[in-house]
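Observations on the model geometry
One-letter residues, chain by chain:
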Amino acid sequence: SRRARVSMWMPRQPTHGRRGDRFRPPHCPWPECRDHTIRSGYRAVRKGHYSRLRDRKRVPRFRCPTCRRSFSRDAFATTYYLKRPELLLPVASMLVSGCAHRQIARHLRCAPSTVTRLSVRLGEHSLLFHELSAASVTLNEPVVLDHFETFVRSQQERLGIATAVGQRSWFVYALRGAGYLRQGGRSRRKRALKSPPKQTAPRAVVDSTLKTLERLLSRSPAWLELVSDDHPAYRAAVRQMTSRRIPVTRIRHVIHANPDRSPGHDQERARQRDRALFAVDLLHKLLRHSQAHHRRESIAFGRKRQSVVGRAALFAVWRNMIKKITERRPSRLTPAMRVGLTRKPWTWTDVCAERLFERRIIRSAI
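These remarks concern the structure in this document. (Residues numbered from 1 in each chain as written. Predicted model: local features only at pLDDT ≥ 70, side-chain atom pairs only at ≥ 80, totals over all residues. Heavy atoms only, no water.)

1. A short note on the overall build of the protein chain
Definition in use: Per the convention used, a helix needs a DSSP run of H or I reaching at least four residues, while a strand needs a run of E reaching at least two, with both numbered from the N terminus. Residue exposure (1.4 Å probe, protein chains only): buried if accessible area is under 20% of the type maximum, exposed if over 50%, otherwise partly exposed. Any two residues whose heavy atoms approach within 4.5 Å are treated as being in contact. In short, Shrake-Rupley with a 1.4 Å probe defines the accessible areas, and a residue's cover is counted only from the protein chains shown.
For the protein chain, the helix and strand inventory stands at 13 helices and eight strands. Of all 366 residues assigned to the protein chain, the portion counted as buried reaches 48%. At a minimum sequence separation of 6, the contacts of the protein chain that also span at least 24 residues come to 64%. As displayed, the protein chain has an accessible area near 20100 Å², and 50% of this comes from carbon and sulfur atoms.

2. A look at the environment of serine 51
When you line up the elements, serine 51 lands in strand S1 (residues 45–51). Setting aside chain neighbours within four positions, we find serine 51 in contact with Arg56 and Lys57.

3. So, the sheet that holds S1
Rules: Note on pairing: two strands pair once DSSP finds at least 2 bridges between them. For helices, the fitted axis covers only the stretch in contact; all axes are lines through C-alpha atoms, and the angles between them, taken along N-to-C directions, range from 0 to 180 degrees.
One open sheet accounts for three strands, arranged S1-S2-S3; its pairing is antiparallel. For this open sheet the edge positions go to S1 and strand S3 (70–72), each flanked by a neighbour on one side alone. Strand-to-strand twist of the sheet, defined as the mean angle between neighbouring strand axes without regard to direction, takes the value 30°.

4. Notes on the packing of aromatic side chains
The geometry of an aromatic ring pair is captured by two quantities: the separation of the ring centres and the angle between the planes. Note the threshold: Two rings from Phe, Tyr or Trp (for Trp, the six-membered ring) form a pair when their centres are within 6.5 Å of each other. A pair whose planes differ by under 30 degrees is stacked, one over 60 is edge-to-face, and the rest are tilted.
Under the counting rule described, the total for this entry stands at 10 aromatic pairs. Both rings, one in phenylalanine 76 and one in phenylalanine 357, keep their centres 6.1 Å apart while their planes meet at 70°; by these two values the pair is edge-to-face. With phenylalanine 76 in the loop between S3 and helix H2 (88–95) and phenylalanine 357 in the loop between helix H12 (348–351) and helix H13 (358–365), this pair connects stretches of sequence that are 281 residues apart. Look at phenylalanine 76 and you get buried, because its relative accessible area is 2%.

5. Looking at the pairing of strand S5 (residues 154–166)
Counting buried positions over the 13 residues of S5 gives 11, a clear majority of the element. In this sheet, S5 lies alongside strand S4 (residues 143–152) in antiparallel orientation, the contact comprising 10 bridges. Following the sheet pairing, phenylalanine 148 is matched in S5 by isoleucine 161. From the end of S4 to the start of S5, which pair antiparallel, there are one residue, and arginine 153 there has a positive phi angle of about 70°.

Spelled out as structure tokens, the structure:
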């Protein structure tokens, strides 16, 4: 059932606040261990405790019977190895509010490099959290697909993030980055940079669309209704799905071209396009409004592609689980509640309640 399926991925309560005699490690935290991906029946050997310097609390330690490595209870908390774990949740809340790293550092009285490291950690955690939560949802609605155009390091290196959003629920189902160079004057722009931009694979937009369609089809029980604009990469990706042993009959591609909006042209086509792609357009507007490095005219560019995609995943988690559908009406409904994933709005404490491990998430999503 849907309720049983949701309970498989929902994080437990924060492990760093439990008593030591009640906590039992569910698996080995070391990725090289054979018991790292174990589902049940794992029993670690108790190996004393240590006292934390920041609060003088006793933290129990354990030893894995398979790899013979020792670990503590904090290895399963999102704040592992952090000297100031109290900054993680405020930084996450301020990052989706449009604050810069130095502004957050001044407000929380810490170093800007601390905020940068916490941003990277939150991005990696959000990517795994979004992958796990989206894999637990059955796709039963049309999906609106569009690429969010932004820049990395400068305006010479573009990044398109494929965003797949539910047309009725507004739930963000997939995120996939596609980097490519800006067209025209490439040699002159390369010399203007301190270091040349990274070489990108050809047809990056088509490849990201293909991977996004594969994920969406794996979550769709019958067939997928894809709604997009007239970008040629989307048509090419749908045609190439036949070479990957996926019947095209499972994909119904509805195209709404971007019409000319100047006076004297057909405005009804523009209104139809806006109604059909409203879910993804609203997400892109929120991204540009809340993130300074995504605005059209900006000098606050992201430094790395993975960091920019991680920040987008952090925003998607906030959009799906925490932010309400509308803030003008007295309703607590979120996109995750619309698709039946949760029963109430989540908080950053719920999102960061438990550390997520990459190998375990990948195996659960396949």
